[in-house]
There are 2 protein chains.
Amino acid sequence: MLRVKSVDETKNIIKENFSKYHLETEKIKLEEAVGRIIAADVLAPDDIPTFHRSTVDGYAVKSSDTFGSSETLPSQLKLVGEIKMGEKLEILPKEGETLYIPTGGELPENTDAVVMIEYSEDLNDGYIYIHKASAPGNNVVYIGDDAKKGAVIIEKDSVLRPQDIGVLAAMGFSQISVKRKLQIGIISTGDEIIDIDEEPYGSQVRDVNAYAIYGDLIRPSCKPVRYGIVKDTTVEIKNKVQTALKECDILLISGGSSVGIKDETFNVIHSLGSPGVILHGIAVKPGKPTIIGKISEKAIVGLPGHPVSAFVIHHIFVNHLINTMLGIPLKITASIAGTMAVNYPSNNGREEYLPVQFQNESDKMMIYPVFGKSGLISTLSNSQGYIHISRGNEGLNKGDIVEVFLWT
Amino acid sequence: MLRVKSVDETKNIIKENFSKYHLETEKIKLEEAVGRIIAADVLAPDDIPTFHRSTVDGYAVKSSDTFGSSETLPSQLKLVGEIKMGEKLEILPKEGETLYIPTGGELPENTDAVVMIEYSEDLNDGYIYIHKASAPGNNVVYIGDDAKKGAVIIEKDSVLRPQDIGVLAAMGFSQISVKRKLQIGIISTGDEIIDIDEEPYGSQVRDVNAYAIYGDLIRPSCKPVRYGIVKDTTVEIKNKVQTALKECDILLISGGSSVGIKDETFNVIHSLGSPGVILHGIAVKPGKPTIIGKISEKAIVGLPGHPVSAFVIHHIFVNHLINTMLGIPLKITASIAGTMAVNYPSNNGREEYLPVQFQNESDKMMIYPVFGKSGLISTLSNSQGYIHISRGNEGLNKGDIVEVFLWT
């Protein structure tokens with residue numbers, strides 16, 4: 001039997017086994033690309049902007065014409081026209097001449113700066129009086145300032161954000177190549193599990209895990225598929241796993257992974273091929289009885305049956321697996337800082353993910369662990385986030401400042 | 001002309017005008033409900049669990065039968081059967097009798113506790129030897145411990161998270177009533193704006209804002225719709241706004257809101273009805289020339305034309321408007337703490353949202369402002385988040401600890 005692994009060892013095992021997973025690329029419409037992963041470096045096809053652009057409303061000038069200007073001694077420039085937005089320039093100003101230019105307008109040749117309208121005066125005598133000296137480049141964005149032709153504008157493996165969509169729009173990409181979605185199957189096992197529209201009889205319970213996890217996996221880069229509920233027998237689980245594994249990149253099996261008499265998931269993964277089970281047990285609370293397997297490059301995860309354990313393991317380790325297979329670089333996770341409102345005793349050598357609530361009390365964010373007997377799903381829905389308690393920690397004291405990671 | 005408003009005043013104006021916005025409800029499948037907003041308090045239709053449940057693998061006992069048990073003096077209980085998962089119990093143990101019970105199994109009548117298998121011994125003589133005294137309720141979850149029949153399990157206006165989907169699954173909700181999606185229209189204005197698949201001529205630029213904002217609005221509770229590009233004339237803008245306003249709850253107009261000669265958005269909103277323009281200008285950097293209007297309960301927002309300003313205003317104020325109209329309570333926002341890597345000068349009386357990058361340098365998270373000339377969209381795509389600098393702040397010094405909000 002495999003030795004129980006620490007959290008860091010588990011993450012390393014995931015990295016070693018799945019970081020080279022190959023995902024094909026597909027071309028999709030730009031407007032549908034938020035959250036998708038860029039398949040290869042995107043290069044700027046042109047300089048952006050494509051023209052020297054004014055950043056203010058004002059007058060396009062040759063800066064040397066304005067040297068020495070002040071309120072008491074303004075420069076006098078002949079107004080020879082107006083630059084229109086989006087139009088190609090027709091007039092070229094000569095020395096001593098200027099044109100009105102709006103924000104975003106194209107700077108005429110022979111000019112190198114824009115004087116803000118606030119520093120000019122128009123007496124309707126055909127001249128503009130400039131009250132302030134300009135230097136070359138004042139209020140101007142040059143060709144290529146935003147991006148130089150051929151420069152990498154979005155790196156491979158980036159997760160596209162709305163602002164990246166904006167950048168790609170500016171460059172004229174109406175379609176973009178991204179990695180295809182990871183297909184993730186969810187199988188529920190357990191003789192006692194029934195579907196959510198059935199009425200429980202005796203000690204039957206409805207299928208909580210498949211729905212919670214399915215809901216969490218509805219995201220741009222994943223396609224979750226539920227494969228229903230199977231009875232706790234090696235034959236039934238094996239048949240379902242073989243079917244699902246043909247279609248999926250990752251297969252999650254909920255239930256059946258506690259080290260008891262119903263431990264069929266382990267046997268099934270072990271029987272399906274090499275290397276089979278690569279991890280059996282994580283030294284973490286909750287979620288010790290977790291299994292990770294690998295069958296021809298694909299991943300199988302046996303989640304604990306308890307809803308809280310299953311969800312925590314999913315949130316921490318399945319997400320890590322997904323990001324690893326998608327090739328997403330490790331992200332910085334935002335958190336909130338809070339103050340422990342109560343003592344929380346040591347966890348004796350196991351790392352712990354402790355669900356917590358927080359509450360603003362006289363401008364202090366107070367943190368309350370959500371206690372609950374094992375298997376209560378209300379523990380999870382009553383919590384807004386969790387604290388990560390490391391292995392060496394001897395417990396948290398009332399008043400300690402802790403970092404809370406929000407569930408979403 | 002309306003006085004420029006502070007950030008707080010702007011948020012109050014949004015609250016006063018749009019917090020009573022009425023959204024109809026619709027019934028949807030549970031598995032599609034993540035991110036949707038619960039229309040009315042959801043009550044537990046039954047006690048959950050529906051039976052007294054064991055939280056461990058072990059033996060169901062009447063606790064008084066185990067009083068005084070120890071390793072040296074175990075209690076001897078007659079093994080009369082095994083409880084099966086998901087089945088209705090048939091054997092009732094009598095005094096001095098026990099049954100094997102798996103985790104999740106239903107506790108038989110006449111028993112009130114479960115002894116973990118680790119504290120028992122089976123010598124295959126028909127008896128189980130118990131090494132530890134049990135108290136009533138040990139290792140048992142009672143009927144209704146997770147939720148009592150009739151109790152509120154999800155409150156009105158909650159945004160459904162995956163774990164809430166789990167709770168609703170446990171209760172047997174295969175469908176759920178949620179508020180319908182907010183329809184949000186996006187109109188781009190500007191004589192210089194062309195669609196992303198066109199080649200720019202002269203000083204034309206592609207439509208960045210509509211795509212970035214559309215991408216950001218692809219979320220469970222919103223339905224974004226692009227209405228294309230219109231020229232900067234009152235007539236054209238007015239026609240498009242009237243069409244879009246019939247179909248949308250919120251209408252975003254990008255461009256045309258700077259206080260210059262092309263200020264048609266203001267005129268259009270003003271001409272459409274009462275109260276019309278309710279805010280003209282926010283004392284914030286970037287994004288001062290923002291307009292908010294209200295026409296028969298619906299909202300119109302005139303965004304600045306600069307991509308960075310438009311995106312920041314969208315991120316801060318349009319999101320605030322959306323949450324207000326959806327009725328979502330103010331959320332706590334996660335952030336990361338970092339150290340300013342450089343000085344950043346004062347902003348003189350305007351609040352500021354400063355785009356920043358961060359970088360881990362010898363275990364310190366160093367924060368770098370993303371400088372960029374006005375209107376460069378690379379400013380936005382190069383930043384990972386922003387710092388909120390309040391109005392009274394006299395600038396940030398190198399070494400100051402600051403709070404960074406991530407863009408997503």
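Along each chain, residue indices are assigned from 1 in the same order as the chain's sequence is written. Here every chain gets a letter starting at A, and every ligand a number starting at 1, in the order they are written. pLDDT decides what is reported in this predicted model: residues at 70 or higher carry local features, side-chain atom pairs at 80 or more are listed and counted, and totals for whole chains, interfaces and linings draw on all residues regardless. Note that the side-chain values use all heavy atoms of the structure and ignore hydrogens as well as water.

This next bit is on the overall build of chain A. Going along the chain from the N terminus, every DSSP run of H or I of four or more residues is numbered as a helix, and every run of E of two or more is numbered as a strand. Helix and strand counts for chain A come out as 7 helices and 28 strands. What you see for chain A is a C-alpha radius of gyration of 31 Å, clearly larger than the 22 Å of a compact globule of 408 residues, by over 25%. Each principal axis of the C-alpha atoms in chain A carries an extent, and together these give about 95 × 55 × 40 Å. Categorising residues by exposure relies on relative accessible area from a 1.4 Å probe, with only protein chains included: less than 20% of the type maximum marks a residue as buried, more than 50% marks it as exposed, and the intermediate range marks it as partly exposed. By residue count, 56% of the 408 residues in chain A fall in the buried class. When checking whether two residues touch, look at their non-hydrogen atoms; a contact exists if any pair is within 4.5 Å. A separation of at least 24 residues holds for 71% of the contacts in chain A among residues at least 6 apart in sequence. The protein chains shown are the only cover counted for residues, whose accessible areas, like all others here, come from Shrake-Rupley with a 1.4 Å probe. Looking at chain A as shown, the accessible area adds up to about 17700 Å², and 49% of this sits on carbon and sulfur atoms. By the counting rule applied here, Lys and Arg register as positive and Asp and Glu as negative, while His and the ends of each chain are not counted. Where a charge lies is defined by one atom per residue type, namely NZ (Lys), CZ (Arg), CG (Asp) and CD (Glu). Between the centroid of the 41 positive side chains of chain A and the centroid of its 52 negative side chains there is a distance of 9 Å. Here the globule rule is a power law, 2.2 Å times the number of residues to the power 0.38, and the radius of gyration is based on C-alpha atoms.

On to the packing of aromatic side chains. Each pair of aromatic rings taken from Phe, Tyr and Trp, with Trp reduced to its six-membered ring, is defined by centres within 6.5 Å and is described as stacked if the planes are under 30 degrees apart, edge-to-face if over 60, and tilted in the remaining cases. What the rule picks out here adds up to 12 aromatic pairs over all chains. One aromatic cluster in this structure is built from Phe311, Tyr353, Tyr386, Phe405 and Trp407 of chain A. Should the NZ of a Lys or the CZ of an Arg lie within 6 Å of a ring centre and within 35 degrees of the ring normal, that charge is described as sitting over the ring. One Lys or Arg, Arg226 of chain B, reaches over the ring of Tyr214 of chain B and ends 5.8 Å from the middle of that ring.

Working convention: axes come from line fits to C-alpha atoms, limited for helices to the stretch in contact. Angles between N-to-C directions cover 0 to 180 degrees. In the contact formed by helix 3 (residues 208-217) of chain A and helix 2 (residues 162-170) of chain B, the axes pass within 8 Å of each other and the chain directions differ by 150°. When the axes of helix 3 of chain A and helix 2 of chain B are compared, the pair comes out roughly antiparallel. Crossing of helix 3 of chain A over helix 2 of chain B shows right-handed handedness. In contact with Val208, Tyr211, Ala212, Gly215 and Asp216 of chain A of helix 3 of chain A, helix 2 of chain B contributes Pro162, Ile165, Gly166, Ala169 and Ala170 of chain B. For this classification, the nonpolar set comprises Ala, Val, Leu, Ile, Met, Phe, Trp, Tyr, Cys and Pro, the charged set comprises Asp, Glu, Lys and Arg, and every other residue, Gly included, is treated as polar. Within the contact of helix 3 of chain A with helix 2 of chain B, the residues separate by chemical class into 7 nonpolar, 2 polar and 1 charged. Oblique is the label for any angle not covered by the other classes, which are roughly parallel (under 35 degrees), roughly antiparallel (over 145) and roughly perpendicular (65 to 115). Crossing handedness follows the turn of the near helix against the far one: under a right angle anticlockwise gives a left-handed crossing, and clockwise gives a right-handed one.

Residues and elements named next belong to chain B. Strand pairing is assigned whenever DSSP detects at least two bridges linking the two strands. Bridging between strand 22 (residues 336-340) and strand 25 (residues 364-369) involves 2 bridges; their strand directions are parallel. By the bridge assignment, Thr339 is partnered in strand 25 with Met366. Relative to strand 25, strand 24 (residues 351-361) is paired through 6 bridges, and the arrangement is antiparallel. Across the sheet, residue Glu361 finds its bridge partner in strand 25, namely Lys364. From the end of strand 24 to the start of strand 25, which pair antiparallel, there are 2 residues, and Ser362 there has a positive phi angle of about 35°.

Residues and elements named next belong to chain B. Axis separation between helix 1 (residues 7-18) and helix 6 (residues 307-326) bottoms out at 9 Å; the angle between their running directions is 30°. The angle between helix 1 and helix 6 places the two elements in the roughly parallel class. Remark: the crossing between helix 1 and helix 6 carries right-handed chirality. For the pair formed by helix 1 and helix 6, the contact residues are Val7, Thr10, Lys11, Ile14, Lys15 and Phe18 on the first element and Ile316, Phe317, His320, Leu321, Thr324 and Met325 on the second. Residues that form the contact of helix 1 with helix 6 fall into these classes: 7 nonpolar, 3 polar and 2 charged.

To line up the copies, we fit them by least squares on C-alpha atoms, keeping just the residues with pLDDT of at least 70 in both. Take chain A, turn it by 180°, move it 0.0 Å along the axis, and it overlays chain B with an RMSD of 0.0 Å. In symmetry terms, the pair is related by a two-fold rotation axis. Most of the interface of chain A is mirrored in chain B, where 100% of its interface residues again form contacts.

This brings us to the pairing of strand 21 (residues 298-303) of chain B. Residue and element names in this part refer to chain B. Burial runs high along strand 21: 6 of the 6 residues are buried. Burial along strand 21 is two-sided: the face carrying Lys298, Ile300 and Gly302 and the face carrying Ala299, Val301 and Leu303 are both buried. With 5 bridges joining them, strand 17 (residues 250-254) and strand 21 adopt parallel strand pairing. Bridged to Ser254 within strand 21 is Leu303. Here strand 20 (residues 291-295) runs beside strand 21; their pairing, made up of 5 bridges, is antiparallel. What sits directly across from Ile295, in strand 21, is Lys298. Hairpin remark: strand 20 followed by strand 21, antiparallel, with 2 residues in the connecting loop; positive phi at Ser296, about 35°.

Turning next to helix 1 (residues 7-18) of chain A. All names here are of chain A. To estimate the expected span of a helix, subtract one from its residue number and multiply by 1.5 Å. Across its 12 residues, helix 1 extends 16 Å between first and last C-alpha, which sits within 8% of the 16 Å expected from 1.5 Å per residue. Every buried residue belonging to helix 1 is among Val7, Thr10, Ile13, Ile14, Asn17 and Phe18, and all of these are buried. Take helix 1 and look down its axis: the buried residues cluster within an arc of 120°, on one side only. For helix 1, the exposed residues lying more than 90 degrees away from the buried face are Asp8, Lys15 and Glu16. Check the buried side of helix 1 and you find it contacts strand 18 (275-280), strand 19 (284-285), strand 20 (291-295), strand 21 (298-303), helix 6 (307-326) and strand 24 (351-361). Think of it as the arc spanned by the lines of direction from the helix axis to the C-beta atoms.

A separate point is the pattern of salt bridges. For this analysis, a salt bridge means a side-chain nitrogen from Lys or Arg found within 4 Å of a carboxyl oxygen belonging to Asp or Glu. Tallying each qualifying case throughout the model produces 24 salt bridges over all chains. One salt bridge connects Glu352 of chain A with Lys285 of chain A, and the closest N-O pair in it is separated by 3.8 Å. Taken together, the residues span a long stretch of sequence, with Glu352 of chain A in strand 24 and Lys285 of chain A in strand 19 at a distance of 67 residues. Here Glu352 of chain A falls in the buried class, since its relative accessible area comes to 3%. Using a relative accessible area of 36% as the deciding quantity, one classes Lys285 of chain A as partly exposed. A salt bridge links Asp249 of chain B to Arg180 of chain B, with the shortest nitrogen-to-oxygen separation between them at 3.0 Å. Separated by 69 residues along the polypeptide, Asp249 of chain B in the loop between helix 4 (234-247) and strand 17 and Arg180 of chain B in the loop between strand 12 (175-179) and strand 13 (182-189) bring together distant segments of the chain. By relative accessible area, which is 23% here, Arg180 of chain B ends up partly exposed.

Residues and elements named next belong to chain B. Overall, mixed pairing links the 6 strands, which are arranged 16-13-17-21-20-18 in an open sheet. Each edge of the open sheet carries a strand with a single partner, namely strand 16 (222-230) and strand 18 (275-280). Across the sheet, the mean angle separating the axes of adjacent strands is 20° when strand polarity is ignored. Relative to strand 20, helix 5 (residues 264-272) is tilted by about 20°, and along the sheet it contacts strand 17, strand 18, strand 20 and strand 21. In the packing of helix 6 onto the sheet, the strands contacted are strand 13, strand 16, strand 17 and strand 21, and the crossing angle to strand 21 comes to about 175°.

Turning to the sheet that holds strand 13 (residues 182-189) of chain A, a few remarks are in order. All names here are of chain A. The strand order 16-13-17-21-20-18 describes an open sheet built from 6 strands, whose pairing is mixed. At either end of the open sheet lies a strand with only one pairing partner, and these are strand 16 (222-230) and strand 18. Neighbour-to-neighbour, the strand axes of the sheet open up by a mean angle of 20°, direction not taken into account. Contacting strand 13, strand 16, strand 17 (250-254), strand 20 and strand 21, helix 4 (residues 234-247) crosses the sheet at an angle of about 165° to strand 16.

What follows concerns a negative patch on the surface. Residue and element names in this part refer to chain A. Like charges within 9 Å and nonpolar side chains (Val, Leu, Ile, Met, Phe, Trp, Tyr) within 5 Å are joined into patches, using only residues over 30% in relative accessible area that form no salt bridge. A cluster of acidic residues, Glu71, Glu121, Asp122 and Asp125, forms a negative patch on the protein surface. Checked against the element boundaries, Asp125 lands in the loop between strand 8 (120-122) and strand 9 (127-130). By relative accessible area, which is 38% here, Asp125 ends up partly exposed.

The interface of chain A with chain B comprises 80 residues on the first partner and 80 residues on the second. We define buried area as the total accessible area lost by two parts upon association, computed with a 1.4 Å probe and summed across both. At the boundary of chain A with chain B, total buried surface from both sides reaches about 6500 Å², with 63% on carbon and sulfur atoms. Connecting chain A to chain B are 2 salt bridges. When the shortest N-O distance is used, the salt bridge between Arg226 of chain B and Glu31 of chain A registers 2.8 Å.

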